[in-house]
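# Chains, contacts and geometry: an overview
Listed below, chain by chain, are the residues.
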Amino acid sequence: MELILWRHAEAEPHTPDQLSDQLRILTPKGSRHASRVGAWLDRQLPAQCRILSSPATRCVQTAEALGRKFQTVDALNTDSSAQRILQAAGWPDAKSPTVVVGHSPLLGQVAALIFSGAAHDWKIRKGSVFWIANKGEDDPAPFVRLAAGPDIIGKLR
């Protein structure tokens, strides 16, 4: 399985007068970064790929930049857990690659749980991708295919 953790791009700061953190939108910089990473991911991913997003507006906007159909999943929201996210993604048994668009520190906790067995707060920067894979039953050990932010991804082909 391949699990692509994509942290939402830069969003407007949360302000006390906002009714909900869920409604924060991407900044212009965040929109550019989401578009850059989304275009690159679209070229890398097979047609048969699951794309799951937190229902938070900033995550939905990030997922939209991929230009593919995606599903919002409550288990990816800010109040979730690393274990719930892995369960929603089907790790490690899903047959097709899965992109998860979500939040910090949760996505870092997912990566830490996969590699260390505990949900530590590993940092994944805004707009960045942490691509994890395993070769299946023959070699189930996970490995990192890519860990990069929008600045590096913009230079990749």
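As a starting point, this report considers the structure included with it. (Residues numbered from 1 in each chain as written. Predicted model: local features only at pLDDT ≥ 70, side-chain atom pairs only at ≥ 80, totals over all residues. Heavy atoms only, no water.)

## Side note on a negative patch on the surface
A cluster of acidic side chains, namely Asp93, Glu137, Asp138 and Asp139, defines a negative patch on the protein surface. Within the secondary structure layout, aspartate 139 lies in the loop between strand S5 (129–133) and strand S6 (143–148). On the basis of relative accessible area, aspartate 139 is assigned to the partly exposed category, the value being 35%. (Patch = residues over 30% accessible without salt bridge, like charges linked within 9 Å, V, L, I, M, F, W, Y side chains within 5 Å. Areas by Shrake-Rupley, 256 points an atom, 1.4 Å probe, with all protein chains shown as cover. Salt bridge = Lys/Arg side-chain N within 4 Å of Asp/Glu carboxyl O. Lys, Arg positive; Asp, Glu negative; His and termini not counted. Charge placed at Lys NZ, Arg CZ, Asp CG, Glu CD. Helix = DSSP H or I, 4+ residues; strand = E, 2+ residues; numbered from the N terminus. Buried < 20%, exposed > 50% of the residue type's maximum accessible area, 1.4 Å probe, protein only.)

## What to know about the side chain of arginine 68
Inspection of the secondary structure puts arginine 68 in the loop between helix H2 (57–64) and strand S3 (71–72). On the accessibility criterion, arginine 68 (18% relative accessible area) is buried. Of the polar contacts made by the side chain of arginine 68, one reaches the side chain of aspartate 42; its length is 2.7 Å. When near neighbours in sequence (up to four residues on either side) are disregarded, arginine 68 contacts Asp42, Leu45, Pro46, Ala47, Cys49 and Ile51. (Polar contact = N/O pair within 3.5 Å; in protein donor to acceptor, adjacent residues only side chain to side chain. Contact = heavy atoms within 4.5 Å.)

## Quick look at the environment of asparagine 77
Within the secondary structure, asparagine 77 sits in the loop between S3 and helix H3 (82–89). Given a relative accessible area of 12%, asparagine 77 falls into the buried group. Note: C-alpha distance between asparagine 77 and proline 150 (73 residues apart in sequence) is 22 Å. Excluding residues that lie within four positions of it along the chain, asparagine 77 makes contacts with Gln22, Ser54, Pro55, His103 and Leu106.

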